[in-house]
Amino acid sequence: TQLLEQSPQFLSIQEGENLTVYCNSSSVFSSLQWYRQEPGEGPVLLVTVVTGGEVKKLKRLTFQFGDARKDSSLHITAAQPGDTGLYLCAGATPGGGADGLTFGKGTHLIIQP
Amino acid sequence: SAVISQKPSRDICQRGTSLTIQCQVDSQVTMMFWYRQQPGQSLTLIATANQGSEATYESGFVIDKFPISRPNLTFSTLTVSNMSPEDSSIYLCSAAGLIGENEQFFGPGTRLTVL
């Protein structure tokens, strides 16, 4: 069974601060996705990283995939109250094709004004 | 991205009864999946809905409890059978195969409460 460990589980910071969320595994993933979910809604895809060492930026969000494709991080610069939500990392297993995703436990992020 | 809708959005059911949840995608997709999410928790994959054949279930989930149908490339149903309070959860469907093979898009979920 492949597991994704996400940390921290909960984070409450002030508006304007920076933060990093980590997603780690002992398994290799063919790709890794980051989702953001708000209460009462389904997860919304933020980014997919595929190549080891890949870095993607989405406005104030920077996503990195580890060289060995076992871990990833999400860094938010100058957090805003609108960034509040549940952040989930999810890995796809190697082997090609679409498979169900393995999700981390999520990081509950609260940005206080 | 695809637009995915689910019906019902929420329901309250009595134990011992069954509920069928519908998932509709606005375009043809290769893969559809069903997940369960306890409130405030992460998602657990229940099964892959295969078009024209039996669904592929993950460990801990069985067809008798969670029968799944997928009659075409845009529609799937999940039935939660003989419900108990432990089945209270959010059930989400997802679709993949639109842009990248492993990029999945999710429906809004169905919040189920079993009394």
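Owing to the predicted nature of the structure, the values given are computational and were not obtained by experimental measurement.

(A) Representation of the interface of chain B and chain A within the structure. Across the boundary between the two partners, chain B contributes 19 residues, which contact 23 residues of chain A. Here chain B is connected to chain A by zero salt bridges. Broken down by secondary-structure element, the contributors of at least two residues to the side of chain B that touches chain A are strand E4 (31–37), strand E5 (43–49), strand E9 (89–96) and strand E10 (104–106) of chain B. Per-class residue counts for the side of chain B that touches chain A are 10 nonpolar, seven polar and two charged.

(B) Summary view of the nonpolar core. Counting residues in each nonpolar core, the largest one holds 44 residues, and the members touching the most others are A:Phe103, B:Trp34 and B:Tyr35. Taken together, the elements giving at least two residues each to this core come down to strand E9 (85–92) of chain A together with strand E3 (19–25), E4, E5, strand E8 (75–80), E9, E10 and strand E11 (110–114) of chain B. Looking at this core, the element that brings in the most residues is E9(B), giving six residues. Core analysis: the next-biggest nonpolar cluster, separate from the first, contains 20 residues, A:Leu4, A:Cys23, A:Phe29 and A:Val47 among them.

(C) Region of interest: the state of the cysteines. Scanning the model with the defined rule gives two disulfides over all chains in all. Through a disulfide, A:Cys23 is tied to A:Cys89; the S-S separation comes to 2.0 Å. Judged by the sign of its S-S torsion, about 75 degrees, the bond between A:Cys23 and A:Cys89 is right-handed. Taken together, the residues span a long stretch of sequence, with A:Cys23 in strand E3 (residues 19–24) and A:Cys89 in strand E9 at a distance of 66 residues. A sulfur-sulfur separation of 1.9 Å characterises the disulfide bridge that pairs B:Cys23 with B:Cys93. Its torsion about the S-S bond being 65 degrees, the disulfide of B:Cys23 and B:Cys93 is classed as right-handed. Taken together, the residues B:Cys23 in strand E3 and B:Cys93 in strand E9 connect sequence positions 70 residues apart. Assigned by exposure class, B:Cys23 and B:Cys93 land together as buried.

(D) Highlighting the layout of surface pockets. Taken as a whole, the second largest pocket spans an internal volume of roughly 420 Å³. Of all the secondary structure elements, the ones that give two or more residues to the lining of the second largest pocket are E9 and strand E11 (107–112) of chain A together with E9 and E11 of chain B. If one sorts the elements of the lining of the second largest pocket by residue count, E11(A) sits on top with three residues. Among the residues forming the lining of the second largest pocket, the class breakdown is eight nonpolar, 12 polar and four charged.

(E) Seen up close, the sheet that holds E8(B). All names here are of chain B. Taken together, four strands build an open sheet; the order of strands is E1-E3-E8-E7 and the sheet is antiparallel. Two strands bound the open sheet, and with one partner strand each, they are strand E1 (4–7) and strand E7 (68–72). Taken over all neighbouring pairs, the strand axes of this sheet differ in orientation by 15 degrees on average, direction set aside. Two elements, E1 and E3, share four bridges in a ladder whose sense is antiparallel. Pairing of Ile4 across the sheet is with Val25, part of E3.

(F) Spotlight on the packing of aromatic side chains. Residues and elements named next belong to chain A. Applying the stated rule across the entire model yields eight aromatic pairs over all chains. Between Trp34 and Phe63, the ring centres sit 6.4 Å apart and the planes meet at 45 degrees, which makes this aromatic pair tilted. With a gap of 29 residues between them, Trp34 in strand E4 (residues 31–37) and Phe63 in strand E7 (residues 61–65) connect regions that are remote in the sequence. Looking at Trp34, the relative accessible area reads 0%, which means it is buried.

Thresholds applied
- Residues numbered from 1 in each chain as written.
- Chains lettered and ligands numbered in written order.
- Predicted model: local features only at pLDDT ≥ 70, side-chain atom pairs only at ≥ 80, totals over all residues.
- Heavy atoms only, no water.
- Contact = heavy atoms within 4.5 Å.
- Salt bridge = Lys/Arg side-chain N within 4 Å of Asp/Glu carboxyl O.
- Helix = DSSP H or I, 4+ residues; strand = E, 2+ residues; numbered from the N terminus.
- Nonpolar A, V, L, I, M, F, W, Y, C, P; charged D, E, K, R; others polar.
- Core = buried A, V, L, I, M, F, W, Y, C linked by side-chain atoms within 4.5 Å.
- Buried < 20%, exposed > 50% of the residue type's maximum accessible area, 1.4 Å probe, protein only.
- Disulfide = S-S within 2.5 Å.
- 1 Å grid on protein atoms, 1.4 Å probe; cavity = no way out; pocket = protein on both sides within 12 Å on 5 of 7 lines; lining within 4 Å.
- Points joined across faces, edges and corners; volume = space filled by probe spheres on them.
- Pairing = 2+ DSSP bridges.
- Axes fitted to C-alpha atoms, helices over the stretch in contact; angles between N-to-C directions.
- Phe/Tyr/Trp six-rings, centres within 6.5 Å; stacked < 30°, edge-to-face > 60°.

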